Amino acid sequence: MFALGPATKVYVATGATDMRKGFDGLFGLVRDELLCDPLSGHLFLFANAARTRLKLLFWDASGLWVCAKRLEKGRFHWPEAAPGTKSVKLRAEELAMLVGGIDLKRTQPRRGWYRLERAG
């Protein structure tokens, strides 16, 4: 299993992704579309257009992880990004909420806590 440390960033791709993509396809999306290093140790999250399936790509220094989740009911509440932005950066806590079905737009962090950061 993998663990997310405080230095691990979570990048959520804002567009729809073809869920037939595997290791190499997602690796290419991270490198070419999100303009990030897939071997950085950061986590990259993708969803289909209907937001009913997601895939995660993560490098743990010995190999790549690809994990998938398919919802039987409902949809994931995907974060919105500014126009022209291809990803949104989340904290590990926000990732857990997103995967757990919580709408991040309807949550309110306590005063002085972090908010969603936009990534390029």
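Just so we're clear, the structure is a prediction, and the values are computed from it rather than from any experiment.

Chemist: Describe in detail helix α1 (residues 23-33), supporting the description with residues and values.
Modeler: By the burial criterion, the buried members of α1 are Leu26, Gly28, Leu29 and Val30. Those residues of α1 that are buried are in contact with β2 (43-47), β3 (53-59) and β4 (64-70). After α1 finishes, the residue Leu35 shows a positive phi value of roughly 55 degrees.

Chemist: Tell me what's going on with the confidence of the model for the protein chain, and back it up with residues and numbers.
Modeler: Here the protein chain shows a mean pLDDT of 88. Residues at 70 or above account for 88%. Averaged pLDDT values for the elements of the protein chain fall to 50 in strand β6 (residues 117-119) and rise to 97 in β2.

Chemist: Describe unusual backbone geometry, naming the residues involved and giving the relevant values.
Modeler: Residue Arg51 is not a glycine yet carries a positive backbone phi of 60 degrees. Mapped onto the secondary structure, Arg51 falls in the loop between β2 and β3. Residue Arg51 is classed as buried on the basis of its relative accessible area of 16%. Positive phi, close to 80 degrees, is recorded for Ala61, a residue that is not glycine. Relative to the elements of secondary structure, Ala61 occurs in the loop between β3 and β4.

Chemist: Which residues make up the pattern of salt bridges, and what values go with them?
Modeler: Here the structure, examined in full by the defined rule, presents 6 salt bridges. Note that Arg31 is salt-bridged to Asp32, the shortest N-O span being 2.9 Å. The exposure class of Arg31 is partly exposed, given its relative accessible area of 42%. Here Asp32 falls in the partly exposed class, since its relative accessible area comes to 46%. Across the salt bridge formed by Glu33 and Lys86, the nearest N and O atoms sit 3.4 Å from each other. Placement of Glu33 in helix α1 and of Lys86 in the loop between β4 and β5 (87-90) is noted, with a sequence separation of 53 residues between them. Glu33 sits in the partly exposed class, given a relative accessible area of 40%. Exposure remark for Lys86: the relative accessible area of 39% places this residue in the partly exposed category.

The rules we used
- Residues numbered from 1 in each chain as written.
- Predicted model: local features only at pLDDT ≥ 70, side-chain atom pairs only at ≥ 80, totals over all residues.
- Heavy atoms only, no water.
- Buried < 20%, exposed > 50% of the residue type's maximum accessible area, 1.4 Å probe, protein only.
- Helix = DSSP H or I, 4+ residues; strand = E, 2+ residues; numbered from the N terminus.
- Contact = heavy atoms within 4.5 Å.
- pLDDT = per-residue confidence, 0-100.
- Salt bridge = Lys/Arg side-chain N within 4 Å of Asp/Glu carboxyl O.

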